[in-house]
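# Coordinate analysis (summary)
Residue-level listing of the chains:
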Amino acid sequence: MTLLRDQTFNGLVLRNQDYRENDQLVHIFTDRFGIITFWLRGVKKAKSKQRYLALPFTYGKYQGTINSQGFSYLNDGLKVQQFTQIASDIKLNAYVTYLNDLVLRAFGAAKPQLKWFRRLTQASKLINQGLDPEIITNILEIQLLEPFGVAPNLKACVIGGETRGIFDYSIVLSGIICQKHWTADEHRLQLLPKTVAYLRLFAQVDLLRIGSIKVDYRIKGQLRQTIDAIYRDSVGIYPKSKKFIDQMYHWRI
């Protein structure tokens, strides 16, 4: 058993859950140790000075004891702040909760994932700043296919290797197909060329370089349907948070 005391690390709260009467478990994505589950004793008591450590949609610098087996323990939050816009907006809340759920399912506990820690933190910051939460979520969904062990070919035609031209997406062939090979899949998704262009862009875009987002609603609809189909047929997960997002679309009708 490895016990690392008084460790300082950056972290992003992914989820909290009740544990016993006054205690909570907090799942934090850390930059140094990956996803760690911390046991906060007595944090639900009204006078607890550690209540802020269990708040959802918070990030910052923490200090605690890391245990390689069982629960770890938070001692203090050295510089912790909340994504206030996300915390107060049910729509933004839903998208970030879904992204957090995907990360919790994609990565095992206690294994450093600095690249993904930075990506998820940046995605949360962009959503909190007012950028389109649906598109930010789509970008992370596409990029998270890799750690889920799903690797659709979005770089070139899966049949002929063409990288230029007009493309569509094939669920059966798990990738894009160029126009001259469309007959290879009679059930191709028949996406607009711009939709495929966005899918290809999402696979490689750096969230740190995004300054603004504006995508036509028709394209957004096709992106959502395509990514949903990939996750349904190739990843096979459907968190409750995604079900809630799907329900939100009906609110708009």
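If you look the protein up in an unreviewed UniProt entry, it shows as DNA repair protein RecO from Bombilactobacillus bombi. Per UniProt, the comment on the protein under Sequence similarities (unreviewed entry) is "Belongs to the RecO family."

### Quick look at the layout of surface pockets
Each pocket or cavity is described by its volume, and for the largest pocket that value is around 340 Å³. Contributing to the lining of the largest pocket are 14 residues, with Ile142, Pro152, Leu154, Lys155 and Ala203 lying nearest its centre. Counting only elements with at least two residues in the lining of the largest pocket, the list comes to helix 3 (114–128) and helix 4 (133–143). For the lining of the largest pocket, the residue count by class is 8 nonpolar, 2 polar and 4 charged.

### Details of the nonpolar core
Core analysis: the biggest nonpolar cluster contains 61 residues, and Phe29 and Leu144 have the highest contact counts within it. Counting residues per element, this core draws most heavily on helix 2 (residues 90–106), at 10 residues. The residue makeup of this core includes at least three contributed by each of domain 1 (3–82) and domain 2 (132–251). Ignoring any residue separated from it by four or fewer positions in sequence, one finds Phe29 in contact with Asn10, Gly11, Leu12, Leu14, Gly34, Ile35, Val103, Gln113, Trp116, Phe117 and Leu120. In terms of nonpolar packing, the next biggest core, distinct from the first, is built from 14 residues, Phe9, Phe33, Phe38 and Ala54 among them.

### Re the packing of aromatic side chains
All told, the structure shown has 13 aromatic pairs when counted by the stated rule. When the ring of Phe29 is compared with that of Phe117, the centres are 5.8 Å apart and the planes differ by 85 degrees; the resulting orientation is edge-to-face. Of the two residues, Phe29 sits in strand 2 (residues 23–30) while Phe117 sits in helix 3, which places them 88 residues apart along the sequence. With a centroid separation of 6.2 Å and 35 degrees between ring planes, the pair formed by Trp39 and Tyr73 is classed as tilted. One end of the pair, Trp39, is in strand 3 (residues 34–40); the other, Tyr73, is in strand 5 (residues 73–82), and 34 residues separate them in sequence. By relative accessible area, Tyr73 is classed as partly exposed at 26%. Among the aromatic residues, those joined into a cluster by ring pairs are Phe9, Phe33, Phe38 and Tyr62. Taking the ring centre of Trp182 as reference, the NZ or CZ of Arg188 above it sits at 3.9 Å.

Definitions and cut-offs
- Residues numbered from 1 in each chain as written.
- Predicted model: local features only at pLDDT ≥ 70, side-chain atom pairs only at ≥ 80, totals over all residues.
- Heavy atoms only, no water.
- UniProt positions renumbered as here; feature names shortened; annotations may be inferred.
- 1 Å grid on protein atoms, 1.4 Å probe; cavity = no way out; pocket = protein on both sides within 12 Å on 5 of 7 lines; lining within 4 Å.
- Points joined across faces, edges and corners; volume = space filled by probe spheres on them.
- Helix = DSSP H or I, 4+ residues; strand = E, 2+ residues; numbered from the N terminus.
- Nonpolar A, V, L, I, M, F, W, Y, C, P; charged D, E, K, R; others polar.
- Core = buried A, V, L, I, M, F, W, Y, C linked by side-chain atoms within 4.5 Å.
- Buried < 20%, exposed > 50% of the residue type's maximum accessible area, 1.4 Å probe, protein only.
- Domains from an automatic or database assignment.
- Contact = heavy atoms within 4.5 Å.
- Phe/Tyr/Trp six-rings, centres within 6.5 Å; stacked < 30°, edge-to-face > 60°.
- Lys NZ or Arg CZ within 6 Å of the ring centre and 35° of its normal.

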